[in-house]
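Observations on chain architecture
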Amino acid sequence: RIIMLWLNANNIAAAASTAEAPNRRFEYKYSFKGPHLSQADGSIPFWVHSGNAIPSADQVRITPSLRSQKGSVWTKSTVNFDNWEAEVTFRVSGRGRMGADGLAIWFTTAQGLDGPVYGAADNWNGIGIFFDSFDNDGKKNNPAVLVVGNNGKLVYDHPNDGTTQALGTCLRDFRNKPYPVRAKITYYKRTLTVLINNGFTPDKDDYEFCTKVDNMVIPQEGYFGISAATGGLADDHDVLSFLTFRLSEPGQELPPPEAEMPKQDKDKYQEEFENFQQDLDKKKEDYQKEHPDVQGQPIEDMYESVNDREIRQVFEGQNRIHLEIKQLHHQLAVILDEQRRYVSVATDEISKRQGESGGQVGQAPSQEMGAVVATQQEVLRNLNELRNSFYESLKQIGASQHQGNAVGMGTYETVQHFNDIKEHLHVVKKNIEHLITRTGNPSEKQVMNCPDPPPMPSCLGTTHFLVFVVIQSVLFFSYIMYKSQQEAAAKKFF
């Protein structure tokens, strides 16, 4: 029998793969998923929750792992699709080897916000897919997945875990899996198919066939819902996402979403749009009255276009470069003044020394001072070249800004000006590097070593040391004798 079931499942999967797949359209008003699942007030957009359900940013905890808990979430509006598909991602986890009670996915004509069937109402009209985790009948056939239909008159068979009412079932362990469990429920051409991803792998498309119900008739309109409950044992029932898709036959065009909007909602949105448009026109009139200088000018002309913004950004960049180069030019002028002063002081010192001492005695210092003056003059010349380069760069930037203001950006002459500025800055960089090399690594001829200081005379000689020792000894023995006399005189009084 097991082999026949396996062959039947493979045949169904092969037939489904060979048949042409239906068209799918995602319906956001009947779906939710993270990472922004709930709003600031704790509600879920387009959904309502009840009982012990706890929405969060990335999941909805239908029931916490506490005893006798119930919770559910339901769509606010009804679904009127002839064919649909729901992909539900959930996680059931608990500490014990066994859990309770289970989780249910619903499509019913009414919202079963509270009740005894996995946290939802009994005597429902529609379809329920149950993930039963507790073995009530003791037949060792849980955890299991069941499909149970109801026309509103059936009472769920709890003692037998609903097996007497199930239209389809499969044994699947969905508790404490390393990855979330996924269920794909498809209702297409009056056929309900349930596929399960067992949560052993991170592959989201690794589905296995669970059950299939043919010739199944469900209500044309209904609510989607998820509920869960705990009993004497407890599990965490967390739903990570509920994605709803509308199915249509291949080649069939689905109507646009606005065509399916109820007339009442359409009139409401149209009225809101007209009110907004009237407020906007009123604000435009008030602005024109407050600013008569722009009277008659189109509002659109008062805003900056994309090209104008790009041109403004280019000019702002040019102005920043211009200010930086101007500041460098000023600092360079200060350095030039300092260098001129050093050269002047060095020249005066050379002239003074040559006047005071003639002959060979002052020849070596004069040569050293001459080398210093030559080095300073070379530094001065390099600084002058840098200053000229900065000045040329300033002229080029000023010319490009003037031309950009006159004829706009993007012309060949403007691009050429930028290239010239780039070349001048490159020359400035080379000159600065050369100046650093000249000042940081001078040649051996220009290196001046300070003369060695004369040897300092010894502060203490042998004779002085001996005299000092004798004086110290005399003073020490004199103090000892004086101390002894004082003690002897003090004993006479006792």
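Keep in mind it's a predicted model, so treat the numbers as computed, not measured.

A word on the overall build of the protein. For the protein, the helix and strand inventory stands at 6 helices and 16 strands. Classification of the 494 residues of the protein by burial places 35% in the buried group. Taking the intrachain contacts of the protein between residues at least 6 apart in sequence as the baseline, contacts between residues at least 24 apart amount to 67%.

A word on a nonpolar patch on the surface. On the surface, a nonpolar cluster with roughly 390 Å² of combined accessible area is contributed by Phe 465, Leu 466, Phe 468 and Val 469. You can see Phe 465 is positioned in helix H6 (residues 462-491). What makes Phe 465 partly exposed here is its relative accessible area of 42%.

On to the UniProt feature "transmembrane region" (unreviewed entry) in the protein. Using the residue numbers shown here, the UniProt feature "transmembrane region" (unreviewed entry) corresponds to residues 463-482. Across residues 463-482 one finds 100% helix and 0% strand; the C-alpha atoms that close the span lie 29 Å apart.

This part is about the side chain of Thr 211. Along the chain, the position of Thr 211 falls in strand S14 (residues 208-213). What Thr 211 contacts, discounting residues up to four positions off in sequence, is Val 147, Gly 168, Thr 169, Leu 192, Thr 193 and Val 194.

What follows is about the environment of Ser 43. Mapped onto the elements of the fold, Ser 43 is located in the loop between strand S2 (32-33) and strand S3 (47-51). By relative accessible area, Ser 43 is classed as partly exposed at 21%. C-alpha of Ser 43 to C-alpha of Ser 56: the two residues are 13 residues apart in sequence and 9.0 Å apart in space. Engagement of the side chain of Ser 43 in a polar contact is seen with the side chain of Asp 41, the distance being 2.8 Å.

Further remarks concern the side chain of Thr 63. Its location among the elements puts Thr 63 in strand S5 (residues 60-63). By relative accessible area, which is 0% here, Thr 63 ends up buried. In this structure the side chain of Thr 63 is engaged in a polar contact, spanning 2.8 Å, whose partner is the side chain of His 237. Contacts of Thr 63, omitting those with residues within four sequence positions, involve Gln 69, Lys 70, Gly 71, Ala 228, Ala 229, Thr 230, Asp 235, Asp 236 and His 237.

Let us now look at a negative patch on the surface. Judged by side-chain charge, Asp 279, Asp 281, Glu 285, Asp 286 and Glu 290 come together as a negatively charged surface patch. Along the chain, Asp 286 turns up in helix H2 (residues 263-290).

Criteria and cut-off values
Residues numbered from 1 in each chain as written. Predicted model: local features only at pLDDT ≥ 70, side-chain atom pairs only at ≥ 80, totals over all residues. Heavy atoms only, no water. Helix = DSSP H or I, 4+ residues; strand = E, 2+ residues; numbered from the N terminus. Buried < 20%, exposed > 50% of the residue type's maximum accessible area, 1.4 Å probe, protein only. Contact = heavy atoms within 4.5 Å. Patch = residues over 30% accessible without salt bridge, like charges linked within 9 Å, V, L, I, M, F, W, Y side chains within 5 Å. Areas by Shrake-Rupley, 256 points an atom, 1.4 Å probe, with all protein chains shown as cover. Salt bridge = Lys/Arg side-chain N within 4 Å of Asp/Glu carboxyl O. UniProt positions renumbered as here; feature names shortened; annotations may be inferred. Polar contact = N/O pair within 3.5 Å; in protein donor to acceptor, adjacent residues only side chain to side chain. Lys, Arg positive; Asp, Glu negative; His and termini not counted. Charge placed at Lys NZ, Arg CZ, Asp CG, Glu CD.

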